[in-house]
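Descriptive structure summary
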Amino acid sequence: MGSGTEKSTGYGLRSTPERFARLRADEYAYLDDQGHIYLDYTGAGLPARSQLVAHQDRITAGCYGNPHSENPTSSASTELVESTRARVLEHLGADPAEYAVIFTPNATGACRLVGEAFPFRRGGRLVLPLDNHNSVNGLREFARARGADVVYVPFDTPDLRIGADALASALAGKRAGRAGLLAYPAQSNFTGVRHSLDWIDLAHERGYAVLLDAAAFLPTETLDLRRVKADFVTASWYKVFGYPTGVGCLIARREALSRLRRPWFSGGTIHVVSAQGGWHQMAEDESAFEDGTLNFLSIPDVATGLDHIASVGLSAVAAHVAGLTGRLLDGLRGLRHANGAPLVRVYGPEDTDRRGGTVALNVLDPAGRVVDERAVGRDSAARGISLRTGCFCNPGAGEEAFKISRRLLRGSTGKMGGATLDDYLAALGMPSGGAVRVSLGIASSPEDLDGFLAFIEGEYRNRPAEASATSLAPRLRC
């Protein structure tokens, strides 16, 4: 499914190992200069050298001020901010008459804008697949506070997918005339599973608005809003191209935006306000959702990043990452202890069908016991490998991966008291506090995978789990 503009450059738009090796040497040479293996693209993308040069050139060549004025420096900033809005819409194939771009600090901020202003009420419903980031799970607090039902959709396959029948069942039950919201990720940040975009039409048919969390999806796949009519789409641009941080977007259908009612107003969001009269009128465009002064020195870097991705070709990036993901999964399957036992357990799909470049796993010892994820994090860091360990702010996927029953979880509600997180996890019977996540992106290489696989085999093959579980720092959060 394609949209946006792909520009032909010296890298070409096809995915070949030689072209991506050249791209890495030209734009991401700092990885090899530092001897670093970066495997945390779901956590954050990496900036290309040309992006940083473009930022420096723009800042040093011009003078930019707060956009909320008509003076020359303000107008210069406004022009760049508005051109970036247009560039985001172009990238997503969105009609500016139908969709608006609201700049936020990140995808989390975009979710909060929707949650705090959505017309939840008694008889309404919030539907959340269990596979959601906590920034989406947190919407339930807004819904509950206003009397709406909150319904979770369970996993129904061993590879941590959710079926359309389970979703349809959860969507049933909303009272006619009451607002409902389905919120889900286009791609899981835990397993890399790509959930069906057909759910959007299914939800619309049943009277729901849809919030699509695209944060993990956009770095390696195109979202075409001419065909996929999500009401709200959330994005964090640093996850797509590394720089700038602190800039995300809520891309919203204007009709859906008009049904939101903000609980407050701030500088930049109002058309007119009276202090003594006690009244205000919100702005009539997207600025009604942009609190205070925008990050006007960084927002133009979003357009620069999108141009960089277009120059490489998002379809080529997708093919590149898919090929490496398949290679990684094959390599993980081949890791065995001397007794033939697997060295790794993968959570989620074990092939590249309907999945992205995020792979969650645990390392196992020869007896099948889980090696503490903190040990893997510690040992990999010592080797110059950046990966992520824990539950990845996705408790639903973690609970399913570790087979923790709903009954046990409900029985543990509010019972931590003065116990530590490690005490709580032990009470749940978890073999570890989380998983190990390896995620691939535009600058990933076959050599990165070879280095990671060699690390796992060399550090943990034929080694009992307890041999690695020494001098581990206590877990502080999940």
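Everything discussed here concerns the structure shown above.
Here goes a summary of the coordinates provided. As a convention, each chain's residues are numbered from 1 in the sequence order in which they are written. Reporting of local features is limited, given that this is a predicted model, to residues whose pLDDT is at least 70; pairs of side-chain atoms are given and counted only at 80 or more, and all residues count toward the totals for whole chains, interfaces and linings. Heavy atoms from the whole structure form the basis of all side-chain values; hydrogens and water molecules are not counted.

1. Quick notes on the nonpolar core
Note on terminology: a nonpolar core comprises buried Ala, Val, Leu, Ile, Met, Phe, Trp, Tyr and Cys residues joined through side-chain atoms within 4.5 Å. Per-residue accessibility, obtained with a 1.4 Å probe over protein chains only, is compared with the maximum for each type, and a residue is labelled buried under 20%, exposed over 50%, and partly exposed between these values. Judged by nonpolar contacts, the single largest core of 102 residues is most densely connected at Leu 223, Trp 237, Ile 251, Leu 332, Leu 361 and Phe 452. Each helix corresponds to a stretch of at least 4 residues labelled H or I by DSSP, and each strand to a stretch of at least 2 residues labelled E; elements are numbered beginning at the N terminus. It is helix α13 (residues 314-333) that contributes the most residues to this core, eight residues altogether. When residues no more than four places from it in sequence are discounted, the contact partners of Phe 452 are Ile 37, Leu 39, Leu 328, Leu 332, Leu 361, Ile 385, Leu 387 and Val 438. The next biggest cluster of nonpolar side chains, apart from the first, holds 29 residues, and it includes Ala 100, Val 136, Ala 183 and Leu 257. Only heavy atoms enter the contact rule, under which two residues are in contact if any of them lie within 4.5 Å.

2. Side note on the sheet that holds strand β11 (residues 344-347)
Strand pairing in a sheet relies on backbone hydrogen bonds. The paired strands run either parallel or antiparallel. Pairing within the open sheet is antiparallel, and its four strands lie in the order β11-β12-β15-β14. Where the open sheet ends on each side, the last strands, each with one partner, are β11 and β14 (388-390). Neighbour-to-neighbour, the strand axes of this sheet turn through a mean angle of 35 degrees, independent of strand direction. Two strands qualify as a pair provided DSSP detects at least 2 bridges between them. Note on geometry: axes are C-alpha line fits, over the in-contact stretch for helices, and angles between N-to-C directions span 0 to 180 degrees.

3. Describing the sheet that holds strand β2 (residues 99-104)
In space, the seven strands of this open sheet follow the order β2-β8-β7-β6-β5-β3-β4, with mixed pairing throughout. Where the open sheet ends on each side, the last strands, each with one partner, are β2 and β4 (149-153). With strand direction ignored, the average angle separating the axes of adjacent strands in the sheet is 20 degrees.

4. Things to note about unusual backbone geometry
Omega for the bond connecting Tyr 243 with Pro 244 falls within 30 degrees of zero, at 10 degrees, which places this linkage in the cis form. Despite not being glycine, Phe 392 shows a phi value in the positive range, around 60 degrees. Its place among the elements puts Phe 392 in the loop between β14 and α15 (395-401). Notably, Cys 393 is not glycine yet its phi reads approximately 60 degrees, a positive angle. You can see Cys 393 is positioned in the loop between β14 and α15.

5. Re the environment of Tyr 99
Its location among the elements puts Tyr 99 in strand β2. Once you skip the residues sitting within four places of it in the chain, Tyr 99 turns out to touch Leu 89, Ala 94, Leu 225, Val 228, Lys 229, Ala 230, Ile 251, Ala 252, Arg 253 and Arg 254.

6. Points about the packing of helix α14 (residues 373-382) against helix α18 (residues 446-460)
Two quantities define a packed helix pair, namely the angle between the helix axes and the distance between the axes. Taken N-terminus to C-terminus, the directions of α14 and α18 make an angle of 115 degrees; their axes are 11 Å apart at the nearest point. Regarding α14 and α18, the two cross each other, and that crossing is right-handed. From α14, Ala 375, Val 376, Asp 379 and Ser 380 reach across to α18, where they touch Phe 455, Glu 459 and Tyr 460. When residues are sorted by character, Ala, Val, Leu, Ile, Met, Phe, Trp, Tyr, Cys and Pro go into the nonpolar class, Asp, Glu, Lys and Arg into the charged class, and all the rest, Gly among them, into the polar class. The residue inventory of the contact of α14 with α18, partitioned by class, reads four nonpolar, one polar and two charged. For any pair of crossing helices, the crossing counts as left-handed if the nearer helix is rotated counterclockwise from the farther one by less than a right angle, and right-handed if it is rotated clockwise.

7. Looking at the side chain of Arg 178
With respect to the element layout, Arg 178 can be found in the loop between α8 (164-171) and β5 (180-185). Think of it this way: Lys and Arg go in the positive column, Asp and Glu in the negative one, and His and the chain ends go nowhere. Put simply, a salt bridge is a Lys or Arg side-chain nitrogen that is within 4 Å of an Asp or Glu carboxyl oxygen. Buried within the structure, Arg 178 lacks any salt-bridge partner; its nearest side chain of opposite charge belongs to Asp 149, at an N-O separation of 9.7 Å. The contacts of Arg 178, once residues within four sequence positions are left out, are Arg 121, Arg 122, Gly 123 and Gly 124.

8. A word on the state of the cysteines
Whenever a pair of cysteine sulfur atoms sits within 2.5 Å, that pair is classed as a disulfide. Tallying each qualifying case throughout the model produces zero disulfides. The closest cysteine sulfur to the non-disulfide-bonded Cys 393 is located on Cys 391, 6.2 Å from its own sulfur. Taking relative accessible area as the criterion, Cys 393 reaches 34% and is therefore assigned partly exposed.

9. Observations regarding the packing of helix α3 (residues 49-61) against helix α12 (residues 300-312)
Put simply, α3 and α12 touch, their axes get as near as 10 Å, and they point 145 degrees apart. The two elements α3 and α12 cross, and the hand of that crossing is right-handed. For the pair α3 and α12, the contacting residues are Ser 50, Gln 51, Ala 54, His 55 and Arg 58 in the first and Pro 300, Asp 301, Thr 304, Gly 305 and His 308 in the second.

10. Describing the environment of Gly 109
Within the element layout of this structure, Gly 109 appears in helix α5 (residues 107-117). When its relative accessible area of 19% is taken as the criterion, Gly 109 is described as buried. For the pair Gly 109 and Gly 62, spaced 47 residues apart in the sequence, the C-alpha separation amounts to 29 Å.

11. Describing the side chain of Asp 448
Within the secondary structure, Asp 448 sits in helix α18. Only 2.7 Å separates the side chain of Asp 448 from the side chain of Arg 24, close enough to count as a polar contact. Setting aside residues no more than four positions away along its own chain, Asp 448 makes contact with Arg 24, His 36, Ile 37, Tyr 38, Leu 39 and Ala 443. Nitrogen and oxygen atoms within 3.5 Å of one another constitute a polar contact, given that in protein one can donate a hydrogen and the other can accept it, and given that sequence-neighbouring residues count only through two side-chain atoms.

12. Some thoughts on the environment of Ile 102
Along the chain, the position of Ile 102 falls in strand β2. Of the residues examined, Ile 102 reaches a relative accessible area of 0% and is grouped as buried. Taking the C-alpha atoms as reference points, Ile 102 and Leu 113, separated by 11 residues in sequence, lie 9.8 Å from one another. Sequence-distant contacts of Ile 102, that is, excluding residues within four places in its chain, are made with Arg 85, Leu 113, Gly 248, Cys 249, Leu 250, Leu 257, Glu 286, Phe 289 and Glu 290.

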